[in-house]
Amino acid sequence: MEYQIKNPKVSIIIPTYNESNNIIEILKQIKNSIPKNIISETIVVDDNSPDGTGRIVEEYIKNFKKITNHTIDIIHRTAKTGLSSAIFNGIQEAKGETIIVMDADHSHPPQIIPKMIESLKKSHCDIVIASRYVKGGQIKDWTISRKMISKIATKIAKLFLNIEPKDPMSGFFAFKKNILKNSKFDLLGYKILLEMLVKTKNVKIMEIPYTFTDRKIGQSKLDSQIILDYIKSIWKLYRFGKNVKTNNKKYTNFVSKAARFYTIGATGLLVNLLSSFLIVTGIPDVWYIHANLFGIASSISSNFILNKFWTFEDKDFSKKKTVVQFSKFATFSTLGAVIQLGMVFYLTETQNMPYYLSLILAVMTGAFGNFILNKKYTFKEKLLE
Ligand code: GDD
Ligand code: MN
């Protein structure tokens, strides 16, 4: 643009889709919030909004007072191709070494921008997340159910991806541009911060509280497609994370451990069948119930050893510890079986649920309970890590 200032220090990226009634006000507030001695630019990334957001910003830029330390720019994209990719386009065009990303709909208060810039500088960190979920942060005007969905989605992300921040799904954050240098991004869906948290290495992160206020004008663009993209991206990032070493040590998280636990569970079935079968055919006149008991005992034992070694990565097989762990493991296995039986009976008899459905539910509950109990009490790990 003709009146560009050279080398802005801070670039603010604002993705827009149908924000004609919000964008000018937020641009004004941003300009007024940034300390006057900092050279900065705001870049709006518009996806050809049908309501004319792009045109309105163009007009505003024409009349924007040029003798300040702040410029405004707009990138016009031809179609709505996703929030993450819009933000990424903005980042690519940005000239600042500090980048701030925020929404146009007044959910994110620009008044805390100075604090974000300050924190990046003073605390020597690389990413500052404006957070709803640290002490002092909150959400205004969201329904209980939207709050719950957000909490659950956050929990899922943390379990799958092994990330520290309390609000990894925030759409309001600041970072040093150079941390993106060596990473390749998929840019699926809504959550570019989440992808950054997974794909950048050795970055220091800080969270500062803010109050998220639901938009007064226009609609959220979050729809079922975006939720689907979210699930896909969590899966992709999970696969990515599995193949990457963090702090030189491969980290096995909650989900990988659950997967191992159930793989072993499946092998346990085989061990059970095979050993029962061996006894029945190998020992003449053996009572089949004894053979089955032997099968159950062998599968519990093999499950225990494999889980100790592989799932929970506990290589300490000293006698006392192993015996204590084994008795807990066997108790939980029995408990799981009892709960399963009780549940199948209850659901089928009193809730009129079809047998196959109650069986699936009961097996899943039993298996999950089993995993959780063993993780916490047998192998003494934190539950959600
Ligand atoms: N260019 C572009 N393209 N902009 C988009 C698109 C798109 O496909 N989809 C949404 N936007 C813009 C909106 O115009 C708005 O400025 C911002 O992105 C956020 O969109 P909303 O539709 O208002 O999202 P939300 O309020 O449901 O969710 C926001 O808040 C969450 C909690 O902080 C987002 O910022 C999420 O990323 C965030 O997790
Ligand atoms: Mn919003």
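Residues numbered from 1 in each chain as written. Chains lettered and ligands numbered in written order. Predicted model: local features only at pLDDT ≥ 70, side-chain atom pairs only at ≥ 80, totals over all residues. Heavy atoms only, no water.

### Details of the packing of helix α9 (residues 288-311) against helix α10 (residues 319-350)
When two helices pack together, their arrangement is given by the angle between the helix axes and by the axis-to-axis distance. The condition that has to hold: Angles shown run from 0 to 180 degrees and are taken between the N-to-C directions of axes, each axis being a line fitted to C-alpha atoms and, for helices, limited to the stretch in contact. A run of H or I in DSSP becomes a helix once it reaches four residues, and a run of E becomes a strand once it reaches two; helices and strands are each numbered from the N terminus. Roughly parallel means an angle under 35 degrees; roughly antiparallel means over 145; roughly perpendicular covers 65 to 115; every other angle is labelled oblique. Handedness of a crossing is defined here by the sense of rotation of the near helix relative to the far one, left-handed for an anticlockwise turn of less than a right angle and right-handed for a clockwise turn. Working rule for contacts: check all heavy atoms of both residues, and any pair within 4.5 Å makes them a contact. Under the grouping applied here, Gly and all other residues not named as nonpolar or charged are polar, the nonpolar ones being Ala, Val, Leu, Ile, Met, Phe, Trp, Tyr, Cys and Pro and the charged ones Asp, Glu, Lys and Arg.
Running from N to C, α9 and α10 point in directions that differ by 120°, and their axes come no closer than 10 Å. What the angle tells us is that α9 and α10 run oblique. Crossing hand, α9 versus α10: right-handed. Residues Ile300, Ser301, Asn303, Phe304, Asn307 and Lys308 of α9 form the contact with α10, whose participating residues are Thr322, Gln325, Phe326, Phe329, Ala330 and Ser333. Classifying every residue of the contact of α9 with α10 by side-chain character gives 5 nonpolar, 6 polar and 1 charged.

### Re the pairing of strand β5 (residues 127-131)
Here is the rule: Only protein chains enter the accessibility calculation, which uses a 1.4 Å probe; a residue whose area is less than 20% of its type maximum is buried, one above 50% is exposed, and one in between is partly exposed. Any two strands between which DSSP finds at least two bridges are classified as paired.
Most of β5 sits out of view: 5 of its 5 residues are buried. Burial of the side chains of β5 extends over both faces: Ile127, Ile129 and Ser131 are buried on one face and Val128 and Ala130 on the other. In this sheet, strand β7 (residues 173-176) lies alongside β5 in antiparallel orientation, the contact comprising 3 bridges. Among the inter-strand pairings, valine 128 is bridged to a residue of β7, identified as alanine 174. Two strands pair when backbone bridges link them, and β5 and strand β8 (residues 205-209) are joined in this way by 5 bridges, in the parallel orientation. Residue isoleucine 129 lies in a different strand from β8, and its bridge partner there is glutamate 207.

### Some details on the site of ligand 1
The following threshold applies: Near residues are defined by distance, with any heavy atom within 4 Å of the molecule or strand qualifying the residue. Polar contacts, as used here, are pairs of N or O atoms within 3.5 Å; protein pairs need one atom able to donate a hydrogen and one able to accept it. Residues neighboring in sequence count only if both atoms are side-chain atoms.
Taken together, 26 residues sit near ligand 1, with Glu19, Asp103, Met169, Lys191 and Lys221 positioned nearest. The contact in question runs from an oxygen atom of ligand 1 to an N or O atom on the backbone of alanine 104, over 3.0 Å. Take arginine 146: an N or O atom from its side chain is 3.2 Å from an oxygen atom of ligand 1. Of all the secondary structure elements, the ones that give two or more residues to the shell around ligand 1 are β1 (10-16) and α3 (83-93). Taken together, the residues of the shell around ligand 1 break down into 11 nonpolar, 5 polar and 10 charged.

### Remarks on the packing of aromatic side chains
Operational definition: Only Phe, Tyr and Trp rings take part, Trp by its six-membered ring, and two of them pair if their centres are within 6.5 Å. Stacked means planes under 30 degrees apart, edge-to-face means over 60, and tilted covers everything else. Only when the NZ atom of a Lys or the CZ atom of an Arg is both within 6 Å of the ring centre and within 35 degrees of the ring normal do we say a charge sits over the ring.
Taken as a whole and assessed by the stated rule, the structure comprises 19 aromatic pairs. Centroid distance phenylalanine 312 to phenylalanine 379: 4.5 Å. Interplanar angle 15°. Geometry classified as stacked. With phenylalanine 312 in the loop between α9 and α10 and phenylalanine 379 in the segment after α11 (355-378), the pair connects residues that are 67 residues apart, well separated along the chain. Through successive ring pairs, a cluster of aromatic residues spans Phe254, Phe261, Tyr262, Phe304, Phe312, Phe326, Phe329, Phe371 and Phe379. A cation over a ring is seen here: lysine 80 above tyrosine 17, with NZ or CZ 5.1 Å from the ring centre. The ring centre of phenylalanine 240 lies 5.1 Å from the NZ or CZ of lysine 199, which sits over that ring.

### Focus on the domain arrangement of the protein
Condition: For the domain bounds, the source is a domain assignment made automatically or taken from a database. As a working definition, buried area equals the accessible area (1.4 Å probe) given up by two parts on being put together, with both sides summed.
Under the domain assignment, the protein is made up of domain 1 (10-244) and domain 2 (249-378). Of note, the centres of domain 1 and domain 2, computed from C-alpha atoms alone, are 45 Å apart. The interface of domain 1 with domain 2 comprises 7 residues on the first partner and 6 residues on the second. Together, the buried faces of domain 1 and domain 2 total about 590 Å²; carbon and sulfur atoms form 59% of this surface. Area buried by domain 1 at its contact with domain 2 is led by Leu159, Asn162 and Tyr238, which between them contribute 64% of it.

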